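Each chain is listed here by its residues.
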2 protein chains.
Amino acid sequence: MVPPASARTGPRKAAKATSAATSAAAPALSREAVIDRALEVADHEGLAAVSIRRIAQDFDVTPMALYWHVKNKDELLAAMGERIMDSVELPELAVDGGLQRLRPLLERLVGALARHPASTPLVQARILHCDTGRTLTEQALTILADAGFDTRRRAELSRAALQSVVMLVVGAPGAEIDVPEVERQAMRERKQQMLAGLPVDRYPLLIDSAAAMFDCDPATYYADGIELFLAGVTALAARREHRPA
Amino acid sequence: MVPPASARTGPRKAAKATSAATSAAAPALSREAVIDRALEVADHEGLAAVSIRRIAQDFDVTPMALYWHVKNKDELLAAMGERIMDSVELPELAVDGGLQRLRPLLERLVGALARHPASTPLVQARILHCDTGRTLTEQALTILADAGFDTRRRAELSRAALQSVVMLVVGAPGAEIDVPEVERQAMRERKQQMLAGLPVDRYPLLIDSAAAMFDCDPATYYADGIELFLAGVTALAARREHRPA
DNA sequence: ACCTGAACACCGTTCAAGT
DNA sequence: ACCTGAACACCGTTCAAGT
C-alpha cells in the first residue's frame, strides 16, 4: 500500500549527539507537535503514511509515548481535521450584500483546506465539532436565512456550501491526494496518456477536454467552483421570490 | 481502528461438512466474487473492515489465494470503485431539453452510488478509468457544449457535476459512512446530543437546523442537491448568453 | 491454472513497569 | 506527569512449493 519506506524528510537525530544541544532535530513531544507532524507527513507522503509508529519515530520516541498525548489513532485523525478547520481565518459578517456574503466565507475555507489537501477528507466529519466550523456554519445559515430560505433549505444549503468546498479541494485536478508528493507528476502523466489513448470517435469531447482538465490554474479553478455554488443558491433564492408560497 | 473482531455476517463453513454439498456457504472464489464480497463487507461494516485476510476468511481460503484473482489491495479497491460505476444505468441522451438533460444523468449516478455509500469515495478517482464513467462524462460534456460552454468551462463543469453527486452521497446526513452499520444509530444520537448541548446564544440558527440536518428524507435530499447544481449551471449559461464576449 | 505454508515487515493497542 | 518494554492480534505481500 505504502511504498517500501525509504525517503524520509522529518526531524531525526543528526548523529548520536550527546544530550546537551541536540541541534535542530526533534522538537519536544506534545499533543500539538504530534498533530503538526502528522499533517506534515500527510502533506508530503499522503494520509496513508500517517501512523502512530511512524510519527513516534520522527520524534525519536517509542510508539506508546504518543498515547499519553493522544487517545488513539482515530482521535489523532480527528484532531488533524479540527486543526485545519481552526486555521480558517473567519471573515466578519457584513450587514448587507445578500448571498454574495457567502463568497468570502467560502474563499477563506478554500484557503485553509488547500494548505493540506491530503488531510482535507478528515475535515468533512469534524466541521461541527470545532468552534470555527460551527461559527462558519452559523454565518452561512444567517446569510441563507436573510435570503428567505426556511429551516430545512438553510440546513441543506449550508451543508452543501461547506461540502462543495471540501469537494473542490479534494477533487482538485492534479491534486492527486493520497499519492506521495514524489509520484504525483508521474501519476498525472500516466492519466493523461491514458486519456490520449482513447478512441476519438467514442469520446471526442472528453479527449478535447483532457488538456484543460490537467493543466489548470488553481486560482481560477477555485474561483469558478465558488461561482458555480453562488450562482446556484442565487437562482434558487430568486425562484422563491417570484412565486412565494 | 476497527472494533475488536466479533460479529461477522459473511458466508462461513456451516459446520465441518464433508466435501460434497457444503450447503449454501462460500461461493466459488473468483475475481468477481471477491469484489462483490468486498462491497458487501464495506456496506455493512465500513470500508476499513475490507482486508485481504478478512475476505479470504469469508471464502474459507488462504489470504494468498486472493492474489491470484487480484493484483493487490489497491487494485481491489479500484475494482470496487469501477464496479459501482459500471452499475450505473446509462440514460439515452435526448436531442433537446438543454441543460435539463443533465438531470437524468445525475439521477442515475446517485442511484448507483447510493447503493454503496461506504465505497463511494473509491469512485472519485476511478470515474475516467471505466467505460461507463467515460460515457457519462462524454454525455455531460455534450450537454454543456450545446449550452455554449467553451472547452475549459465544460471540463470544469462536467467534473463538478459528477463530483457533486459523489459529495451528495458521501456527505448524506445520517449516512455516517465508515461507521459500521450497527453503530450508526448510536453515532447519530451522540451527534444530535452534542448539537443540543451547544450555547443557544452563540449558535441559534445551527441549533434550529439540527433537527432538519438529521431526520431528512433521502429522496428530497438528493433531488434538492441535483436541483442546486442544475440551477447553478443554468444561471452561468444564462450569463454567457446575455453578455456574449 | 489455482491454491497453500512459512516468513517478513509492517500496523494499533494494552498493560505493567519504570523515572 | 511522562515515557519504556514486552506482548498481542492484526495487517499486506513475497516466494517457493504443491496439485
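Provided above is the structure to which this section pertains.
Note that the coordinates shown come from a computational prediction; the quantities given were computed from them, not determined experimentally.

Notes on the overall build of chain A
Logical step 1: From N to C terminus, chain A includes 11 helices and 0 strands.
Logical step 2: For chain A, the succession of helices and strands along the chain, N to C, is α-α-α-α-α-α-α-α-α-α-α.
Logical step 3: In chain A, buried positions account for 47% of the 245 residues.
Logical step 4: Put simply, chain A shows about 12,000 Å² of open surface, and 55% of that area lies on carbon and sulfur atoms.

Re the protein's contact with DNA strand D
Logical step 1: Taken together, 15 residues sit near DNA strand D, with Met 64 and His 69 of chain A together with Ile 52, Arg 53 and Lys 73 of chain B positioned nearest.
Logical step 2: Restricting attention to atoms of DNA strand D within 4 Å of the protein, one finds that 54% of them are sugar or phosphate atoms.
Logical step 3: His 69 of chain A places a side-chain nitrogen or oxygen 2.6 Å from a phosphate oxygen of DNA strand D.
Logical step 4: Interatomic distance of 2.4 Å between a side-chain N/O atom of Arg 53 of chain B and a base nitrogen of DNA strand D.

Let's talk about the relation of the copies chain A and chain B
Logical step 1: With an RMSD of 0.0 Å, the fit of chain A onto chain B corresponds to turning through 180° and sliding 0.0 Å along the axis. In short, the pair behaves as if placed about a two-fold rotation axis. Of the C-alpha atoms belonging to chain A, the one lying closest to the rotation axis is found on Gly 232 of chain A, 1.8 Å away.
Logical step 2: A share of 100% of the interface residues of chain A reappears at the interface of chain B, consistent with the copies meeting face to face through the same patch.

Section: the protein's contact with DNA strand C
Logical step 1: In the vicinity of DNA strand C, 15 residues are found, and the nearest of them are Arg 53 and Lys 73 of chain A together with Thr 62, Met 64 and His 69 of chain B.
Logical step 2: Those atoms of DNA strand C that come within 4 Å of the protein belong to sugar or phosphate at a rate of 55%.
Logical step 3: Within the side chain of Tyr 67 of chain A, an N or O atom sits 3.0 Å from a phosphate oxygen of DNA strand C.
Logical step 4: Contact between DNA strand C and Trp 68 of chain B: a phosphate oxygen at 3.1 Å from a side-chain N or O atom of the residue.
Logical step 5: Among the elements of the structure, helix 2 (52-58) of chain A together with helix 3 (63-69) of chain B are those that each provide at least two residues to the surface near DNA strand C.
Logical step 6: Broken down by class, the residue content of the surface near DNA strand C amounts to 9 nonpolar, 4 polar and 2 charged.

Observations concerning helix 9 (residues 181-196) of chain B
Residues that lie three or four places apart on an α-helix share one face, since the helix turns once every 3.6 residues.
Logical step 1: With 16 residues, helix 9 of chain B extends 24 Å from end C-alpha to end C-alpha; this agrees with the ideal 22 Å at 1.5 Å per step.
Logical step 2: Tucked into the core, helix 9 of chain B has its buried residues touching helix 1 (31-45) and helix 10 (204-214) of chain B.

So, the nonpolar core
Logical step 1: In this structure, Met 80 and Leu 102 of chain B are the most contacted members of the largest nonpolar core, which totals 74 residues.
Logical step 2: The element contributing the most residues to this core is helix 8 (residues 151-170) of chain B, with 10 residues.
Logical step 3: Sequence-distant contacts of Leu 102 of chain B, that is, excluding residues within four places in its chain, are made with Ala 140, Ile 143, Leu 144, Phe 229, Leu 230 and Val 233 of chain B.
Logical step 4: Among the nonpolar cores identified, the runner-up in size contains 73 residues, and Ala 49, Phe 59 and Val 123 of chain A together with Leu 198 of chain B belong to it.

Focus: the interface of chain A and chain B
Logical step 1: Opposite the 58 residues of chain A that make contact, chain B presents 58 residues.
Logical step 2: In this assembly, chain A packs against chain B so that about 4,800 Å² is buried in total across both faces, 63% of it on carbon and sulfur atoms.
Logical step 3: Here Asp 224 of chain B makes a salt bridge to Arg 152 of chain A, at a shortest N to O gap of 3.1 Å.
Logical step 4: Where chain A meets chain B, there are 20 residue pairs in polar contact (both at pLDDT 80 or more).
Logical step 5: Going through the elements one at a time, helix 4 (73-86), helix 7 (131-146), helix 8 (151-170), helix 9 (181-196), helix 10 (204-214) and helix 11 (218-242) of chain A are the ones with two or more residues in the side of chain A that touches chain B.
Logical step 6: The element best represented in the side of chain A that touches chain B is helix 8 of chain A, accounting for 14 residues.

Observations concerning the packing of aromatic side chains
Each aromatic ring pair is characterised by the separation of its centres together with the angle its planes make.
All names here are of chain B.
Logical step 1: Applying the stated criterion across every chain yields a total of 2 aromatic pairs over all chains.
Logical step 2: A centroid spacing of 5.2 Å and a plane angle of 65° characterise the contact between Tyr 221 and Tyr 222, whose relative ring orientation is edge-to-face. An identical accessibility class is assigned to Tyr 221 and Tyr 222; each is buried.

A short note on unusual backbone geometry
Logical step 1: Of note, the phi angle at Asp 178 of chain A is positive, near 65°, even though the residue is not glycine.
Logical step 2: Relative to the elements of secondary structure, Asp 178 of chain A occurs in the loop between helix 8 and helix 9.
Logical step 3: For Asp 178 of chain A, a relative accessible area of 56% gives the class exposed.
Logical step 4: Positive phi outside glycine occurs at Asp 60 of chain B, with the angle close to 55°.
Logical step 5: By the secondary structure assignment, Asp 60 of chain B is in the loop between helix 2 (52-58) and helix 3.
Logical step 6: Residue classification places Asp 60 of chain B among the partly exposed residues on the basis of a relative accessible area of 40%.

Notes on the packing of helix 11 of chain A against helix 11 (residues 218-242) of chain B
Logical step 1: In contact at an axis separation of 7 Å, helix 11 of chain A and helix 11 of chain B are set at 100° when each is read in the N-to-C sense. On the basis of their axis angle, the class for helix 11 of chain A and helix 11 of chain B is roughly perpendicular. Contacts between helix 11 of chain A and helix 11 of chain B involve Glu 227, Leu 228, Phe 229, Ala 231, Gly 232, Val 233, Ala 235, Leu 236 and Arg 239 of chain A from the former and Glu 227, Leu 228, Phe 229, Ala 231, Gly 232, Val 233, Ala 235, Leu 236 and Arg 239 of chain B from the latter.
Logical step 2: Per-class residue counts for the contact of helix 11 of chain A with helix 11 of chain B are 12 nonpolar, 2 polar and 4 charged.

The rules we used
- Residues numbered from 1 in each chain as written.
- Chains lettered and ligands numbered in written order.
- Predicted model: local features only at pLDDT ≥ 70, side-chain atom pairs only at ≥ 80, totals over all residues.
- Heavy atoms only, no water.
- Helix = DSSP H or I, 4+ residues; strand = E, 2+ residues; numbered from the N terminus.
- Buried < 20%, exposed > 50% of the residue type's maximum accessible area, 1.4 Å probe, protein only.
- Areas by Shrake-Rupley, 256 points an atom, 1.4 Å probe, with all protein chains shown as cover.
- Near = heavy atom within 4 Å.
- Polar contact = N/O pair within 3.5 Å; in protein donor to acceptor, adjacent residues only side chain to side chain.
- Least-squares fit on C-alpha atoms with pLDDT ≥ 70 in both.
- Contact = heavy atoms within 4.5 Å.
- Nonpolar A, V, L, I, M, F, W, Y, C, P; charged D, E, K, R; others polar.
- Expected span 1.5 Å × (residues − 1).
- Core = buried A, V, L, I, M, F, W, Y, C linked by side-chain atoms within 4.5 Å.
- Buried area = accessible area lost by both parts, 1.4 Å probe.
- Salt bridge = Lys/Arg side-chain N within 4 Å of Asp/Glu carboxyl O.
- Phe/Tyr/Trp six-rings, centres within 6.5 Å; stacked < 30°, edge-to-face > 60°.
- Axes fitted to C-alpha atoms, helices over the stretch in contact; angles between N-to-C directions.
- Parallel < 35°, antiparallel > 145°, perpendicular 65-115°, else oblique.

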